[in-house]
Amino acid sequence: MDLVIARPEGLYCPPGDFYIDPWRPVERAVITHGHGDHARGGSVRYLAAAPGEGILRARLGADIDLQTLPYGASLDHHGVRLSFHPAGHVLGSAQVRLEYQGEVWVASGDYKVEADGTCTPFEPVRCHTFITESTFGLPIYRWQPQAEIFAGIDAWWRQNQAEGRASVLFCYAFGKAQRILHGIDASIGPILAHGSVEPLNQVYREGGVRLPATQYAGDFKKADPALRQALILAPPSAGGSTWMRRFGEYSDAFASGWMMLRGTRRRRGVDRGFVLSDHADWPGLLWAIEQTGAERVMVTHGSVNVLVRYLRERGLDAQGFATEYGDDEESEDPKQEVDAG
Ligand SMILES: [Zn+2]
Ligand SMILES: [Zn+2]
């Protein structure tokens, strides 16, 4: 029996009568993580992994009806045993394991197999059927070691300082920004955050993640000499806005897995691109799929057909799963973009 099927509202578990990351409001929503395309408002009841509580309340409202479970703990619902396991994507991100009458399914949500120090590392979970994402499911996507990426960001920041320019780094406000903060050399200079980034830094700190001190960029007056020494983290939507005027002369850069494609950096019109992703690259996806031992793989997000074909050639029962998940490396939840100083 299929423990998860695609319905217009989202991925649905028939025996358990609940949805995973529904894109329409439902009665019972199990949430893998707080990115806008996975955690949507309006559902009656929510269930998520405990480390994600702060993020979900910050994004969906403090008063949502939210039940949480620690990683690895399970609960039974209509005979379906459900548990959350770390997905290594962002703070609180989880894979959902479902067991019913001896059948085990795992829905990965978004995941990354390389540990990054800002969330619990990915843990493979054995299952019969694995629902995997494939945001970067093409053989061209292979990430450099993250230490090299951070060294590159540090060098760019130092160079700008030496030339008297601010360093504006565009990145997704939830997850990517905190990972950059954790990875860079904070002794280089002051670090400023856009008003949509700083509240999420705070949630991470409250969740026990060590991040260097940051200041609100909005507190700085135009031409403040500190700006020319600073690294500024801002969401992509701040680019080209009046908010940028305070920095005077600056160099800008963008951090995303899509920066592997030269066209993306050109389209963004930034000076530099840093290839830093919170998703598994091609070898990471194949490794994770193999680790599950699954005979059946359902593929969502991104390059579905390429990964499906590859897995079928290797004898797996693979198929695409139609979902409405977006792309958290490129786009942003418009609600988070409204100018927040
Ligand atoms: Zn995500
Ligand atoms: Zn996603």
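Residues numbered from 1 in each chain as written. Chains lettered and ligands numbered in written order. Predicted model: local features only at pLDDT ≥ 70, side-chain atom pairs only at ≥ 80, totals over all residues. Heavy atoms only, no water.

Visitor: Where do I start with the coordination of the zinc ion (ligand 2) in this structure?
Guide: Four donors placed tetrahedrally around a metal ideally meet at 109.5 degrees, and six donors placed octahedrally ideally meet at 90 or 180 degrees. In the first shell of the zinc ion (ligand 2), the protein supplies His38 (NE2), Asp110 (OD), Asp110 (OD) and His301 (NE2), at 2.1 to 2.4 Å from the metal. Metal-centred angles of 56 to 134 degrees between the 4 donor atoms at the zinc ion (ligand 2) mark the site as irregular. In the primary sequence, the donor residues of the zinc ion (ligand 2) line up as H-x71-D-x190-H. Between the zinc ion (ligand 2) and the zinc ion (ligand 1), a spacing of 4.0 Å is present, and a bridge between the two is formed by Asp110. Taken together, the positions of Asp110 in the loop between strand E10 (103–107) and strand E11 (129–133) and His301 in the loop between strand E18 (296–300) and helix H7 (304–313) put the pair 191 residues apart, joining distant regions of the chain. (Donors = N, O, S within 2.8 Å, 3.2 Å for Na, K, Ca; no water. Tetrahedral: all angles 85-135°; square planar, octahedral: opposite > 155°, others 65-115°. Helix = DSSP H or I, 4+ residues; strand = E, 2+ residues; numbered from the N terminus.)

Visitor: Before we go on, may I ask you to explain the pairing of strand E12 (residues 166–170) in this structure?
Guide: By the criterion of burial, E12 is predominantly enclosed, with 5 of the 5 residues buried. Side chains Ala166, Val168 and Phe170 project from E12 onto one buried face, and the interleaved Ser167 and Leu169 project onto a second face that is buried too. Note: E12 against strand E16 (residues 250–255), 5 bridges, orientation parallel. Across the sheet, the residue bridging to Leu169 is Ala253, located in E16. (Buried < 20%, exposed > 50% of the residue type's maximum accessible area, 1.4 Å probe, protein only. Pairing = 2+ DSSP bridges.)

Visitor: Please explain unusual backbone geometry as it appears in this structure.
Guide: The phi angle of most residues is negative, glycine excepted, and most peptide bonds adopt the trans form. Of note, Asp21 is a non-glycine position whose phi angle comes to about 45 degrees, a positive value. Locating Asp21 in the fold gives a position in the loop between strand E3 (18–20) and strand E4 (28–31). The backbone of Ala223 sits at a positive phi, close to 70 degrees, despite the residue not being glycine. What makes Ala223 exposed here is its relative accessible area of 60%.

Visitor: Explain a nonpolar patch on the surface here, please?
Guide: There is a patch of nonpolar side chains on the surface, built from Ile140, Met260 and Leu261 and spanning about 230 Å² of accessible area. Residue classification places Leu261 among the partly exposed positions, given a relative accessible area of 32%. (Patch = residues over 30% accessible without salt bridge, like charges linked within 9 Å, V, L, I, M, F, W, Y side chains within 5 Å. Areas by Shrake-Rupley, 256 points an atom, 1.4 Å probe, with all protein chains shown as cover. Salt bridge = Lys/Arg side-chain N within 4 Å of Asp/Glu carboxyl O.)

Visitor: Looking at this structure, how should I read the sheet that holds strand E13 (residues 191–193)?
Guide: One open sheet accounts for 6 strands, arranged E14-E13-E15-E12-E16-E17; its pairing is parallel. Pairing within the sheet leaves two strands with one partner each, and these edge strands are strand E14 (215–216) and strand E17 (272–274). Pairing of E13 with strand E15 (residues 231–234) involves 3 bridges; the strand directions are parallel. In the strand pairing of E15, Leu192 is matched with Ile232. Packing against the sheet, helix H2 (residues 146–162) makes contact with E12, E13, E15, E16 and E17, and its axis sits at approximately 145 degrees to E12. (Contact = heavy atoms within 4.5 Å. Axes fitted to C-alpha atoms, helices over the stretch in contact; angles between N-to-C directions.)

Visitor: Would you take a moment to explain the pairing of strand E7 (residues 74–77) for this structure?
Guide: Two faces, one strand: in a regular strand the side chains alternate between the faces of the sheet. Pairing between E7 and strand E8 (residues 80–86): 4 bridges, direction antiparallel. Across the sheet, the residue bridging to His77 is Val80, located in E8. Taken together, E7 and the strand that follows it, E8, pair antiparallel across an intervening segment of 2 residues, in which His78 is found at a positive phi of about 50 degrees.

Visitor: Would you mind showing me how to read the pattern of salt bridges here?
Guide: Where charged atoms of side chains with opposite charge meet at close range, the side chains can pair. If you walk through the whole model with that rule in mind, you get 14 salt bridges. Between Glu163 and Arg165 there is a salt bridge, and its shortest N-O distance comes to 2.5 Å. Residue Glu163 is classed as partly exposed on the basis of its relative accessible area, which comes to 41%. Residues joined in a network through salt bridges with shared partners are Lys112, Asp116, Arg179 and Asp278.

Visitor: What should I look at first to understand empty space enclosed by the protein in this one?
Guide: Rolled over the atoms, a probe with the dimensions of a water molecule shows which regions are left empty. By the definition in use, this model includes 3 cavities of 30 Å³ or more. If you trace the largest cavity, you find 14 residues lining it, with Leu11, Gly109, Ile131, Thr300 and Tyr325 closest to the centre. A total of 3 residues in the lining of the largest cavity trace back to one element, the largest contributor, which is E11. Residues of the lining of the largest cavity, tallied by class, amount to 5 nonpolar, 7 polar and 2 charged. (1 Å grid on protein atoms, 1.4 Å probe; cavity = no way out; pocket = protein on both sides within 12 Å on 5 of 7 lines; lining within 4 Å. Points joined across faces, edges and corners; volume = space filled by probe spheres on them. Nonpolar A, V, L, I, M, F, W, Y, C, P; charged D, E, K, R; others polar.)

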